[in-house]
2 protein chains.
Amino acid sequence: MEEMNILEQVETLLSERRFSMLRSLVLDMEPADIGALMEDMDKEEQRLLFFRLLPKELAAEAFVEVDGDVQEDLIRAFSGSEISAVMDELYVDDAVDMIEEMPANVVRRILKYTDPAMRQTINDILKYPSDSAGSLMTTEYVDLKEHMTVAQAFDHIRKIGVDKETIYTCYVMGKDRKLLGIVTVKDLLLSDKEAVLTDIMDTNVLFVDTLEDKEVVVQQFAKYDLLALPVVDKEHRLVGIITFDDAMDVMQEENTEDIEKMAAILPTDKPYMRTGVLETWRKRIPWLLFLMVSATFTGMIISGFEQKLAASVVLTAFIPMLMDTGGNSGSQASVTIIRGLSLGEIEWSDTFAVIWKEIRVAVLCGAVLAAVNFGKMMLVDNLLLHNAAVTPMVAAVVCVTLVVTVFFAKIVGCTLPILAKQVGLDPAVMASPFITTIVDALSLLVYFNIAGILLHL
Amino acid sequence: MEEMNILEQVETLLSERRFSMLRSLVLDMEPADIGALMEDMDKEEQRLLFFRLLPKELAAEAFVEVDGDVQEDLIRAFSGSEISAVMDELYVDDAVDMIEEMPANVVRRILKYTDPAMRQTINDILKYPSDSAGSLMTTEYVDLKEHMTVAQAFDHIRKIGVDKETIYTCYVMGKDRKLLGIVTVKDLLLSDKEAVLTDIMDTNVLFVDTLEDKEVVVQQFAKYDLLALPVVDKEHRLVGIITFDDAMDVMQEENTEDIEKMAAILPTDKPYMRTGVLETWRKRIPWLLFLMVSATFTGMIISGFEQKLAASVVLTAFIPMLMDTGGNSGSQASVTIIRGLSLGEIEWSDTFAVIWKEIRVAVLCGAVLAAVNFGKMMLVDNLLLHNAAVTPMVAAVVCVTLVVTVFFAKIVGCTLPILAKQVGLDPAVMASPFITTIVDALSLLVYFNIAGILLHL
């Protein structure tokens, strides 16, 4: 609600051209909030006017915060010198993030108005695969030399620090830009001014390769509580650093992607409210189609048992319950394992331990579900609702099926994600909908076969 | 694999009592890795011996990284002076995290051997609800006075900084510890040494209340790229700060919790491999039972239509496909909305926009699914498999049901999470399994009614 009110205020001030008042209003706002405000503006000219009124640095910071579509609209409306001004203020990693989402002609226009040194850096970073550490890094870090004293290090930081994304972790480099160690500003502050960096630096440095998967990068940040992580090339030369704020963004993006995949949605990188109907549809329909067609196999199993079903129609009533319980049991296992894999808590070598645990959990769950269900069928269906077709034998068929289904569901649910990861597929795809389709078919096969045996159909 | 090798090395060195070699091996390791190593040790005496060989500071840092169970075992084995030594090295927020997981008698023992000032602080923090900002904060921050100069500020940081969790954001306080502004070490380094803090501090400070929900805290960190966030009481007095590493941990925990709830599992705070079979079972069985019992309503719908089904047995074969597609459509919508709500991208005021978007997506999805399914039933079932029972009219019944089911599924899927949040329930519970159960019943009702009308059953 508050944001709406600020939006209204800003729009009123803009239309009444009370620009100095507007400036003082936004000066106290965070860039992220100004970005959200710009996204909420409907009229493009209004947004452009508002953007032009912002102080240069704040404008660039707010620009980073808005969605790709809005960035593109702004860039298209900018003059060449406006593009130069924004690019001057951007950190390299933010500039790369932006450029990665733009169409080729807009990228050409941006690079045309970018300072040649920065253009070169941007082009270098763009060469890394989009899911690699290289694509996340910035080249704006503080580099120190091994023989510097603490006082010299501070002078150097004071001289170059203003343009760096973080100054708190500094990188000590030897010949050929090889990474020798790190020294934090805290170390520097707590050391004697004449101390030499070689003596105080930490040589036991965590780093990643430029091509490392960004999921691994995020795991390192979470595990070691890092502020920044250096990125090195094959010769152990420092090529950039990844800062914690970008790691946090990637963490949330990866989580959203996993959740989407688990719900049979192709991942998007846009927030829901800013995704069009057609795009939402395109992300959802492929899996719906695939799963619908897969479900026809389950239908074929029912068709194959049609005559037996006709002989004991009461069995049909328990199909939904068996399918749902199987699906739920399987997805509990699969989702737990998928999450464990993506947090790095479960590895290939744990496979047998996982299966053995799931077997025991499945037996416990199956036994309780079967007992409750037997009681319910006898007491509610048979006694209370006078459904004479629900005999103890029918209840036994349903309950044995439950136990067997839960057993298979848990095993399928825990093994498929691990297998998927092992062969290089995304485990997140092996979640509820996929598992459910397999377990449905399994549970019906079990159901009809047990019914055939116990009820002599 | 590598970790296993280190574990074997460590265990060999321990059993051969080659302690100095062991010390030099672990000295280069990260605390998180030492913690993982200790968790992997099977024998408790071995773990204790290993812990006692670690240098004091590293021991405390590694202690923070191990799981609650292992911490408890260690504490029980510690002498009073060992507890004192560990507590001395711990940051307050880590100490509180640990204590929150311990049984009361262990907590009493820990507090008995804790320095009185720290004990008081721990007790103060323990009073905050476990999902509040207060419970996440540390009281170890750098506080500065408004009239200090930059040089004085540096002297103060040098004096007290070594024990602080972060020194990079410092808090400028006025009378009664009221928070006036913040100043970063970067600001201090780039300012003149004689400048006074009042002139360089940023008075436009983001902060949270002690009782703020930790999910909101995480959203603030992600949105504003914060290194630390001050926590204030009702009188705007600074009581603590939350650092980015704790925010990152909470972020991952909240994501895991949401994913578990979406898969009908009661949330745990332990990694899968360290959760016992009984505990895993206890987290999974309640929802399985509830959903199983709920699914019997779907069964009752089938029972009610038993006679009609007996007249047209072919209809039964399409029940699984209709139920699955309905469930998948609904969970796509619900999971997307739940994620949007938890990231703060979707609000109550967006309800109608969300419903309107889902309606359009549902119509598109339903139309495509129905068209593909009609083609498949006519070409595969009727022509190819010579199933004469699959008439165009039966196909029409199935396809109309598909469209209506997808429509209802998407609407139920998108509204239930928003409604849940509005009335103060957890939206994550309104995910696939719950939605599936509702949509199952809906789709069968639609199916049998449409069949009744079109096939004159």
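Residues numbered from 1 in each chain as written. Chains lettered and ligands numbered in written order. Predicted model: local features only at pLDDT ≥ 70, side-chain atom pairs only at ≥ 80, totals over all residues. Heavy atoms only, no water.

**Q** Sorry, what's going on with the packing of aromatic side chains here?
**A** The way to describe two aromatic rings as a pair is by their centre distance and the angle between their planes. Inspection of every chain in the model, using the stated rule, returns 22 aromatic pairs over all chains. Centre to centre, the rings of F407 of chain A and F408 of chain A are 6.1 Å apart; their planes meet at 70°, and the pair counts as edge-to-face. Note on Y141 of chain B and Y171 of chain B: the rings are 5.9 Å apart at their centroids and 80° apart in plane angle, and the pair reads as edge-to-face. One end of the pair, Y141 of chain B, is in the loop between α11 (133-136) and β1 (143-145); the other, Y171 of chain B, is in strand β2 (residues 169-173), and 30 residues separate them in sequence. With relative accessibility at 6%, the residue Y141 of chain B sits in the buried group. Three or more aromatic residues joined by ring pairs make a cluster, and in this case those are F51, F63 and F78 of chain A. (Phe/Tyr/Trp six-rings, centres within 6.5 Å; stacked < 30°, edge-to-face > 60°. Helix = DSSP H or I, 4+ residues; strand = E, 2+ residues; numbered from the N terminus. Buried < 20%, exposed > 50% of the residue type's maximum accessible area, 1.4 Å probe, protein only.)

**Q** What am I meant to see in the packing of helix α5 (residues 56-65) of chain A against helix α7 (residues 80-89) of chain A here?
**A** A pair of packed helices is captured by two measures, namely the crossing angle of their axes and the spacing between those axes. All names here are of chain A. It is the contact of α5 with α7, at a shortest axis distance of 9 Å, that shows an interaxial angle of 80°. For the element pair α5 / α7, the angle class is roughly perpendicular. Taken together, the residues of α7 that come into contact with α5 (itself represented by K56, E57, A60 and F63) are A85, V86 and E89. Looking at side-chain class alone, the contact of α5 with α7 contains four nonpolar, no polar and three charged residues. (Axes fitted to C-alpha atoms, helices over the stretch in contact; angles between N-to-C directions. Parallel < 35°, antiparallel > 145°, perpendicular 65-115°, else oblique. Contact = heavy atoms within 4.5 Å. Nonpolar A, V, L, I, M, F, W, Y, C, P; charged D, E, K, R; others polar.)

**Q** Honestly, the pairing of strand β6 (residues 238-243) of chain B in this entry has me stumped. Any pointers?
**A** Side-chain positions along a regular strand alternate between the two faces of the sheet. Residue and element names in this part refer to chain B. Counting buried residues along β6, five of its six residues qualify, which places the element largely inside the surrounding structure. As paired elements, strand β5 (residues 228-232) and β6 share five bridges and run antiparallel to each other. The residue of β6 that forms the bridge with P230 is I241. The hairpin formed by β5 and β6 contains five residues between the paired strands, and H236 there has a positive phi angle of roughly 60°. (Pairing = 2+ DSSP bridges.)

**Q** Looking at this structure, I do not really get helix α22 (residues 432-454) of chain B. What am I missing?
**A** Along an α-helix, residues three or four apart share an orientation, since each turn contains 3.6 residues. Over its 23 residues, α22 of chain B extends 31 Å from the first C-alpha to the last, a length consistent with the 33 Å expected when each residue adds 1.5 Å. Looking one or two residues past α22 of chain B, H456 of chain B carries a phi angle of roughly 50°, positive in sign. (Expected span 1.5 Å × (residues − 1).)

**Q** Please clarify how the relation of the copies chain B and chain A should be interpreted in this entry.
**A** Both copies of the chain are placed relative to one another by a rotation about an axis and a shift along it. Superposing chain B onto chain A requires a rotation of 180° together with a translation of 0.0 Å along the rotation axis, leaving an RMSD of 0.0 Å. Such a turn and shift between the copies fits a two-fold axis. Same-surface contact between copies: 100% of interface residues of chain B are shared with the interface of chain A. (Least-squares fit on C-alpha atoms with pLDDT ≥ 70 in both.)

**Q** Can you help me understand the nonpolar core in this one?
**A** When a protein is soluble and globular, its nonpolar side chains tend to lie buried together. Core analysis: the biggest nonpolar cluster contains 161 residues, and F50, L54 and M87 of chain A together with F50, L54 and M87 of chain B have the highest contact counts within it. Those residues in contact with M87 of chain B that sit more than four places away from it in its chain are A95, M98, I99, I110, T114, M118 and I122 of chain B. Counting 77 residues, the second-largest nonpolar core is a separate cluster that includes V361, V398 and L402 of chain A together with V446 of chain B. (Core = buried A, V, L, I, M, F, W, Y, C linked by side-chain atoms within 4.5 Å.)

**Q** Any chance you could explain a nonpolar patch on the surface here in plain terms?
**A** Taken together, the side chains of F297 and M300 of chain A together with L379, V380, L383, L384 and L385 of chain B define a hydrophobic patch exposed on the protein surface, amounting to about 720 Å² of accessible area. Sorting the residues of the nonpolar patch by element identifies α17 (277-304) of chain A together with α20 (351-384) of chain B as the ones contributing at least two each. Sort the elements by how many residues they give to the nonpolar patch and α20 of chain B lands first, with four residues. Counting through the fold element by element, L385 of chain B comes out in the loop between α20 and α21 (392-422). (Patch = residues over 30% accessible without salt bridge, like charges linked within 9 Å, V, L, I, M, F, W, Y side chains within 5 Å. Areas by Shrake-Rupley, 256 points an atom, 1.4 Å probe, with all protein chains shown as cover. Salt bridge = Lys/Arg side-chain N within 4 Å of Asp/Glu carboxyl O.)

**Q** Sorry if this is basic, but what is going on with the pattern of salt bridges here?
**A** Between side chains of opposite charge, a pair can form as their charged atoms come close. In the structure shown here, the tally under the stated rule is 32 salt bridges over all chains. The residue E72 of chain A makes a salt bridge to R76 of chain A at a minimum N-O spacing of 2.8 Å. Residue E72 of chain A and its partner R76 of chain A are located together in helix α6 (residues 68-77), separated by four residues, close to a single helical turn. You can call E72 of chain A buried: its relative accessible area is 17%. The partner of R284 of chain A in a salt bridge is E358 of chain B, with the nearest N and O atoms 2.8 Å apart. A residue pair is termed interchain when its members come from two chains, as with R284 of chain A in helix α17 and E358 of chain B in helix α20.

**Q** What am I meant to see in unusual backbone geometry here?
**A** Peptide bonds are trans in most cases, and residues, glycine excluded, mostly fall at negative phi. Here D225 of chain A, not a glycine, exhibits a phi torsion of approximately 50°, which is positive. Of note in the backbone geometry, D176 of chain B takes a positive phi value of approximately 55° without being a glycine. Checked against the element boundaries, D176 of chain B lands in the loop between β2 and β3 (179-184).

**Q** When you look at the interface of chain B and chain A in this model, what are you seeing that I'm missing?
**A** Contacts between the two partners involve 108 residues from chain B and, on the opposite side, 108 residues from chain A. Where chain B abuts chain A, roughly 10,100 Å² becomes buried across the two surfaces, and 68% of that area is made up of carbon and sulfur atoms. Considering only the surface of chain B that becomes buried against chain A, L189, Y272 and M292 of chain B emerge as the three largest contributors, covering 7% of it. At the junction of chain B with chain A, the criterion picks out four salt bridges. Where D33 of chain A meets K223 of chain B, a salt bridge forms, and the shortest distance between an N and an O atom there is 3.0 Å. On the surface where chain B and chain A come into contact, there are 30 residue pairs in polar contact (both at pLDDT 80 or more). Here the side of chain B that touches chain A gets 16 residues from one element, more than from any other, and that element is helix α17 (residues 277-304) of chain B. Of the residues belonging to the side of chain B that touches chain A, the class tally is 62 nonpolar, 22 polar and 24 charged. (Buried area = accessible area lost by both parts, 1.4 Å probe. Polar contact = N/O pair within 3.5 Å; in protein donor to acceptor, adjacent residues only side chain to side chain.)

**Q** Looking at this model, I keep getting lost on helix α15 (residues 214-224) of chain B. Mind explaining?
**A** Residues and elements named next belong to chain B. Within α15, the full set of buried residues consists of K214, V217, V218, Q220, F221 and Y224. Here the buried residues of α15 occupy an arc of 155° about the axis, which is enough to place them on one side. Put simply, D213 is the residue that caps the front of α15, since its side-chain oxygen is 2.7 Å from the backbone nitrogen of E215. Downstream of α15 by a residue or two, D225 has a phi angle that is positive, lying close to 50°. (Arc of directions from axis to C-beta.)

**Q** Can you walk me through a positive patch on the surface in this structure?
**A** Together, R158 and K193 of chain A together with R158 and K193 of chain B line one region of the surface with positive charge. Locating R158 of chain A in the fold gives a position in helix α12 (residues 150-160). (Lys, Arg positive; Asp, Glu negative; His and termini not counted. Charge placed at Lys NZ, Arg CZ, Asp CG, Glu CD.)

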